[in-house]
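What follows is each chain in one-letter form.
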Amino acid sequence: MEYLPALEQLQNLLKGKVDSLSYLDQGGFKAVYKGYVQERPEAIKVVYLPADIDEEDRIELIGRVKREIETLGKCKSPEFVQLGSLPPESININGIDYIIYSEEYLDGENLRSKLSENYKPDLSELIQLTKTLLKAIKLLKENDLIHRDIKPDNAIKLKSPKRPFVILDLGIAFKIHGTALTRNSMFRPGTLPYMAPEMFNPRFRENIDYRSDMYSAGITVYEYASGVHPIRKRGEDAYTTMYRILKTRPQPLSTLRPDLPSDFCKIIDQLVKKLPALRPASIQKLLKKVKELS
Amino acid sequence: MKLFAQHGYSPGDKIINGFKDNTIDGVIFSARYEKMEKILGDAKDINSVSADAEILLDPEFYTCFYAHQPDAKLGGLNEWPYFSTHRRGQLESSETVEKILADTFDTVVKLPLTSIIAPNIFIPRSFNSIEAVIAKNFIRKTQQLFKKTGDKRSVFATLAIDRDTLLDQTEFEEFLNDITALDNPPDGFYIIVGGGITDDQTEISRSEIIHADVIAGWMMLNYTLSINGFKVINGFSDILTPFLGCAGGYAGATGWWSNLRMFSMSRYISTVSGGRLPTIRYLSNALLNRITHGERRAFIKLIPEINNGLPRDSDYEVGEPDRKVEVLQSWEAISHLNIENIVSDMGESLQSLEKMVNRAEITYTNLAGYGLPFNREANREYMEALMESIQAFRRNAEI
């Protein structure tokens, strides 16, 4: 993040509200710190509002933060990260504007970092992950929402067996039938290798539904299970990845993880089908199938 | 894959005999030819020979745009209390659609049917049309209105389409995306695909349905709907029944007249054609086609496999059989093809279909080798369309 606020200045500004602030991570316009609010650890999110962007882009950025907070407010379930006790607030440090708020602190590791360790999850863990993702998508669907950014970076593996995985980052969640935040119809929000093929349809805003999230969830589980992204090859350019998303059929998961039951592999293979109609539409029935495998 | 009798004009005792032969599992009564008051007795007769027979009624509401035409041939449809004439504009109103669904359900739930088929209109050209929007509205509201009756049976939404609708892949896929993610979906779909007859021939093998993209599209409908938990009953599917079964279909249907083997909206319009009855034919599984009694006699001397080797063959041994036997032999042949080709693994089923088509192609080649070039060009096109349809289906279904 550009203009990352100095830890000391931030701590001074939050004096009396947050103690023992320490830096955790950053990406895009956001930085994350760990701090203690009334002696409980929370993740303090700091969103940078650049001064050199035009007013509409600024409104869009603020809108995304607001929407993420609203969405988290609606998705009160163990599958999602929960809002913390610090409500959103505008702050200014050295003439730079930020929005600051808190989420619960999650003691765990995201799937991306597990993948970088060449970690090989077993069936029971993969079932837990699949169930978490499906329950999260179901809850979003019930609120007419699509996450649009499900990927290993946004799934945290926790240490608690009661709550094994948590989904993060609802910043670009999409409200079906809602107003688009961006005016640019060519803009595709999300992370390219995890985007569903229908996102590249010029009429994607009219046609997109929760099955795009099912696709991203399938790609995420496939990659976590096999250590290999089913579509993207390392080092290739974005256009090649886009072409592959539209045209390349992933290798069946069972060929990379022959130790897993074929019924589980088939479920994941079905989720990464190009045509939404080929992905199972009933999350309830799919959850039942997945549970039967455990 | 189950096989149902597609009911129509002059059923006689054909359906009862089909159940006795154990080659059909159900019947789809035609509202045009079955009187409401007759269904109770007919259902009893069927149940006396097959206790678990599936009994359905096609309300044939898709003819509603034709009813006001002077040359319309609607049989007894107008006698059904739910049936009424409509203009397209009227059906754009959701209230009208709801009323039609409610009226139809009120009538048919009183009948001894095992499942209920909901009314719908026919989509004539494209899924990007007003008719498709209206049809989707019927599908969307089917379960909601059916539930109001309190009836516990399964309800099937009708999807009646022209073969042309399956040729625009983009529109077709968007339609599939829509109907597979309904909030309150029906339990299944009753699908009929209309295609005209290209010439005087009345066989499905010569019809416009025999086009690789049309068959692949019909298979794709069965596949996408079945993986999403819907039961799919295919009306007028005749020899294509095993193809649809391999793709996940629950049942197919065929009947005794050519217009019960393949669907066309033209069956509801009077024509000036002569009244000569079509020649009685034998459905050869080796040829995937129907041949006349004379052709059969000549062919089997050279290629005995043209005989199916099934019990109904005996009806053809002594001479041209009685007309009412023809459909019994067809049901026997198709149900046998279903058993031979449809297994739980779709990949294996598709391979089996390919073998079946290859075998037919070889049989045609052998016939030509004996100097019997039986409709050589037409059959080559027929075989090509069947084989390409399997390949196109694999591609589209990402198998």
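Placed above this text is the structure.
About the criteria used
Residues numbered from 1 in each chain as written. Chains lettered and ligands numbered in written order. Predicted model: local features only at pLDDT ≥ 70, side-chain atom pairs only at ≥ 80, totals over all residues. Heavy atoms only, no water. Pairing = 2+ DSSP bridges. Helix = DSSP H or I, 4+ residues; strand = E, 2+ residues; numbered from the N terminus. Axes fitted to C-alpha atoms, helices over the stretch in contact; angles between N-to-C directions. Contact = heavy atoms within 4.5 Å. Buried area = accessible area lost by both parts, 1.4 Å probe. Salt bridge = Lys/Arg side-chain N within 4 Å of Asp/Glu carboxyl O. Polar contact = N/O pair within 3.5 Å; in protein donor to acceptor, adjacent residues only side chain to side chain. Nonpolar A, V, L, I, M, F, W, Y, C, P; charged D, E, K, R; others polar. Buried < 20%, exposed > 50% of the residue type's maximum accessible area, 1.4 Å probe, protein only.

Engineer: Hey, could you run me through the sheet that holds strand β9 (residues 165–167) of chain A in this one?
Structural biologist: The pairing of strands in a sheet happens through backbone hydrogen bonds and is either parallel or antiparallel. Residues and elements named next belong to chain A. Here we have three strands laid out as an open sheet, ordered β6-β8-β9, and antiparallel in their pairing. One side of each edge strand has no neighbouring strand; the edge strands of this open sheet are β6 (108–110) and β9. The mean inter-strand angle of the sheet, taken between neighbouring strand axes irrespective of direction, is 30°. Inspection of the sheet shows β6 paired to strand β8 (residues 155–158) by three bridges, in the antiparallel sense. Residue pairing across strands places Asn110 opposite Ile156, the latter belonging to β8. Against the sheet, helix α4 (residues 123–142) engages β8 and β9, with an angle of about 30° to β9.

Engineer: Could you clarify how one ought to interpret the interface of chain A and chain B in this entry?
Structural biologist: Many authors give the size of an interface as the accessible area that is lost as the parts come together. Of the residues lining the interface, 19 residues belong to chain A; the matching set on chain B comes to 20 residues. Summed over both sides, the interface of chain A with chain B buries roughly 1,400 Å², with 43% coming from carbon and sulfur. When residues of chain A are sorted by the area they lose upon contact with chain B, A:Arg249, A:Leu275 and A:Leu278 head the list and together hold 37% of the total. At the boundary of chain A and chain B, one finds zero salt bridges. The interface formed by chain A and chain B includes ten residue pairs in polar contact (both at pLDDT 80 or more). Looking at the side of chain A that touches chain B residue by residue, the class counts come to seven nonpolar, three polar and nine charged.

Engineer: Looking at this model, I keep getting lost on the pairing of strand β5 (residues 96–104) of chain A. Mind explaining?
Structural biologist: All names here are of chain A. Of all nine residues in β5, eight are buried, a share of seventy percent or more. Across eight bridges, the pairing between strand β3 (residues 40–49) and β5 is antiparallel. The residue of β5 that forms the bridge with Ile44 is Ser102. With five bridges joining them, strand β4 (residues 89–93) and β5 adopt antiparallel strand pairing. Across the sheet, residue Glu89 finds its bridge partner in β5, namely Ile100. Here β4 folds back onto β5 in antiparallel fashion, the turn holding two residues, of which Asn94 has a positive phi close to 55°.

Engineer: Got a minute to help me understand the sheet that holds β3(A) in this structure?
Structural biologist: Residue and element names in this part refer to chain A. Pairing within the open sheet is antiparallel, and its five strands lie in the order β1-β2-β3-β5-β4. The sheet is open, and its two edges are formed by β1 (19–27) and β4, each paired on a single side. Going across the sheet, the axis of each strand differs from the next one's by a mean of 30°, ignoring polarity. Strand contacts of helix α2 (residues 55–74): β2 (30–37), β3 and β5, with the helix running at about 15° to β5, the strand carrying the most contacts.

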